[in-house]
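# Observations on the model geometry
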Amino acid sequence: MSFEYAPAPESRAVVDIKPSYGLFINGEFTDGTGTAFKTINPATEEVLAEVAEASDADVDEAVKAARRAYTRVWSRMSGAERAKYLYRIARIIQERGRELAVLESIDNGKPIKESRDVDVPIVAAHFFYYAGWADKLEYSGYGSTPLGVAGQVIPWNFPLLMLAWKIAPALACGNTVVLKPAETTPLTALLFAEICQQADLPPGVVNIVTGAGDTGRAIVSHPDVDKVAFTGSTEVGKAIARTVAGTDKKVTLELGGKAANIVFDDAPVDQAVEGIVNGIFFNQGHVCCAGSRLLVQESIADDLLERLKRRMSTLRMGDPLDKNTDVGAINSGEQLMRIRELSEVGDAEGAERWEVACDLPTKGFWFPPTIFTGVSQAHRIAREEIFGPVLSVLTFRTPSEAIEKANNTPFGLSAGVWTDKGSRILSMANRLRAGVVWANTFNKFDPTSPFGGYKESGYGREGGRHGLEAYLKGADA
Ligand code: NAP
Ligand code: MG
């Protein structure tokens with residue numbers, strides 16, 4: 001019996017995309033003094049809206065508004081009162097969850113299944129979690145004195161989730177914020193601004209300034225910003241570290257990664273295959289902690305790769321709003337170009353490319369789920385972050401060899417270990433230079449658990465009690 005595929009698209013009617021958006025400063029939307037830019041739907045290349053680009057003067061206005069709100073209102077309010085606002089925001093996020101998920105998928109290209117079941121629920125959970133800390137900061141171990149105004153710059157891969165990771169702890173600790181979403185994905189941040197209005201958040205506590213790199217630079221270099229929080233590429237992270245060096249700004253950087261997903265011969269193979277697929281094809285591989293290097297024990301490599309290819313062939317790629325879609329669109333033409341270029345380097349270096357055979361849509365930005373075998377440690381595809389649905393496969397014989405290969409990278413954000421032996425999990429976790437090590441699972445995020453990197457993956461932690469440290473003066477203050 002054969003089945004015809006029937007698409008099951010989520011309705012777009014739930015979102016109301018305006019033709020143009022201004023900046024959110026001091027609780028109101030303003031035109032801004034800069035020019036406008038367009039944001040598109042990467043699955044169709046349709047222009048969604050015009051968005052204001054914040055100039056230096058606009059950023060200055062936003063920082064002033066944040067400072068006023070900090071001094072006059074937010075830092076004076078009790079933690080219990082601040083918590084009420086955060087709980088209210090969390091509840092509105094749940095109530096408007098469908099709208100947020102659809103808008104995220106339209107502006108970013110990620111499958112609705114992910115924005116609906118992963119991004120938005122974790123966003124709400126983050127606000128709930130940090131709301132709970134707001135009146136208990138004296139037990140945090142980091143004191144209870146806020147820093148002041150936080151300047152926050154985030155990337156396009158998890159637009160709303162990265163916003164939540166930044167804003168929820170900052171506000172819980174009594175700081176006010178100026179946040180810039182990425183140029184290609186500003187819409188859910190602007191919807192979040194509306195949610196702040198709906199929650200009656202005092203004006204100036206949250207300010208959203210849209211724009212590109214220059215706007216980000218204006219925020220991080222603004223003299224009246226006390227704290228810089230950045231998630232993005234290692235290259236820009238290094239530039240920011242240079243900018244703030246010599247100032248008394250506190251900084252946290254969440255940067256790139258090249259995680260090893262290590263599969264031993266005693267691992268439950270089918271579960272490992274699911275974990276590998278989730279590790280690298282979740283969110284089209286646009287994940288800083290993606291398991292982009294598969295290290296598989298030599299004795300099971302052939303069998304595992306066969307099963308992996310079979311599983312990959314069942315991935316459904318296409319319309320991000322279709323509830324059956326597993327792999328959506330690449331976020332931008334620029335990112336697609338980078339993925340193509342680095343993959344071509346892989347071909348030139350002699351690795352063997354295998355990709356899922358499927359028809360790609362003619363409009364929009366698409367890249368099929370791909371694996372490279374025969375990869376050696378010196379290859380660029382084993383060392384550099386591709387930030388797309390491309391997996392590099394290497395093999396190992398002993399646990400020590402696996403550790404050595406896994407740690408042989410300038411990054412250290414995350415790693416996965418697949419084995420039946422608990423003792424091996426523990427000894428691997430101790431020897432892996434990575435901020436997060438997942439055992440027999442991958443890409444699990446929870447607001448109670450700290451997340452962050454070693455080495456060139458950055459410094460500071462987001463999530464959990466540790467995430468409060470970035471927004472408080474410290475126990476001795
Ligand atoms: P990116 O180019 O570094 O951009 C990140 C953000 O910084 C964007 O909002 C960007 O503006 C802005 N920006 C660009 N230049 C700037 C400057 N000179 N000063 C201040 N801000 C500036 O990174 P991306 O390519 O968008 O994002 C992908 C990278 O983020 C990957 O390397 C990934 O691993 C990393 N990432 C890390 C984590 C983590 O938690 N460790 C999480 C997600 C992503 P535009 O709007 O112009 O881009
Ligand atoms: Mg977009």
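Residues numbered from 1 in each chain as written. Chains lettered and ligands numbered in written order. Predicted model: local features only at pLDDT ≥ 70, side-chain atom pairs only at ≥ 80, totals over all residues. Heavy atoms only, no water.

## A closer look at the sheet that holds strand β4 (residues 36-40)
A sheet is described by the order of its strands in space; here three strands give the open sequence β1-β5-β4, paired in mixed fashion. Strands with a single pairing partner mark the edges of an open sheet, and in this sheet they are β1 (20-21) and β4. Along the sheet face, helix α6 (residues 187-198) touches β1, β4 and β5 (47-52) and points at about 65° away from the line of β5. (Pairing = 2+ DSSP bridges. Helix = DSSP H or I, 4+ residues; strand = E, 2+ residues; numbered from the N terminus. Contact = heavy atoms within 4.5 Å. Axes fitted to C-alpha atoms, helices over the stretch in contact; angles between N-to-C directions.)

## Focus: the packing of aromatic side chains
Within this structure, the stated rule accounts for 13 aromatic pairs. A centroid spacing of 5.2 Å and a plane angle of 75° characterise the contact between Phe264 and Phe396, whose relative ring orientation is edge-to-face. Of the two residues, Phe264 sits in the loop between β11 (260-263) and α9 (269-281) while Phe396 sits in strand β15 (residues 390-396), which places them 132 residues apart along the sequence. Assessed through its relative accessible area of 0%, Phe264 is described here as buried. For Phe396, a relative accessible area of 0% corresponds to the buried category. An aromatic cluster of three or more residues is present, and its members are Trp165, Trp438, Phe442, Phe445 and Phe451. One cation-aromatic arrangement involves Arg424 over Phe264; the distance from NZ or CZ to the ring centre is 4.4 Å. (Phe/Tyr/Trp six-rings, centres within 6.5 Å; stacked < 30°, edge-to-face > 60°. Buried < 20%, exposed > 50% of the residue type's maximum accessible area, 1.4 Å probe, protein only. Lys NZ or Arg CZ within 6 Å of the ring centre and 35° of its normal.)

## Considerations on helix α10 (residues 301-312)
With 12 residues, α10 should cover 16 Å at 1.5 Å per step; its first-to-last C-alpha distance of 16 Å lies within 8% of that length. If you check which residues of α10 are buried, you get Ala301, Leu304, Leu305, Leu308 and Met312. Relative to the axis of α10, the buried residues are bounded by an arc of 95° and lie together on one face. Facing away from the buried side of α10, by more than 90 degrees, are the exposed residues Asp302, Glu306 and Arg310. Contacts made by the buried residues of α10 are with β11, α9, β12 (293-297), β13 (352-355), β14 (370-373) and β15. (Expected span 1.5 Å × (residues − 1). Arc of directions from axis to C-beta.)

## Some thoughts on the site of ligand 1
Lining the immediate surroundings of ligand 1 are 28 residues, of which Ile154, Glu183, Ser233, Leu255 and Glu385 lie closest. Glu254 is positioned such that a nitrogen or oxygen atom in its backbone is 3.5 Å from a nitrogen atom of ligand 1. Coverage of ligand 1 by the protein amounts to 89% of the 890 Å² it exposes when considered alone. Among the elements of the structure, α7 (213-220), β9 (227-231) and α8 (234-244) are those that each provide at least two residues to the shell around ligand 1. Examining the composition of the shell around ligand 1, we find that three residues originate from one element, α7, more than from any other. Tallied by class, residues from the shell around ligand 1 come to 14 nonpolar, eight polar and six charged. (Near = heavy atom within 4 Å. Polar contact = N/O pair within 3.5 Å; in protein donor to acceptor, adjacent residues only side chain to side chain. Areas by Shrake-Rupley, 256 points an atom, 1.4 Å probe, with all protein chains shown as cover. Nonpolar A, V, L, I, M, F, W, Y, C, P; charged D, E, K, R; others polar.)

## Let's talk about the environment of Ala62
The topology assignment puts Ala62 in helix α1 (residues 56-74). Sequence separation of Ala62 and Asn157 is 95 residues, and the distance between their C-alpha atoms is 25 Å. Not counting chain neighbours up to four residues away, the residues in contact with Ala62 comprise Ile25, Val178, Asn207 and Val209.

## A few points about the domain arrangement of the protein chain
Entries for the protein chain in the domain assignment read domain 1 (12-255 + 457-471) and domain 2 (260-446). Inter-centroid distance (C-alpha atoms) of domain 1 to domain 2 is 30 Å. Contact residues are listed per partner, giving 31 residues for domain 1 and 31 residues for domain 2. Here domain 1 packs against domain 2, burying approximately 2500 Å² in sum over the two surfaces, 60% of which is carbon and sulfur. When the buried surface of domain 1 facing domain 2 is broken down by residue, Ala43, Trp156 and Ser457 rank first, second and third, together holding 21% of it. With a closest N to O distance of 2.4 Å, Asp326 and Lys113 form a salt bridge. At the boundary of domain 1 with domain 2, the tally comes to 13 residue pairs in polar contact (both at pLDDT 80 or more). When residues of the side of domain 1 that touches domain 2 are traced back to their parent elements, those giving at least two are α3 (97-108) and α4 (112-133). In terms of residue count, α4 provides more of the side of domain 1 that touches domain 2 than any other element does, six residues in total. Among the residues making up the side of domain 1 that touches domain 2, the classes are represented as 13 nonpolar, nine polar and nine charged. (Domains from an automatic or database assignment. Buried area = accessible area lost by both parts, 1.4 Å probe. Salt bridge = Lys/Arg side-chain N within 4 Å of Asp/Glu carboxyl O.)

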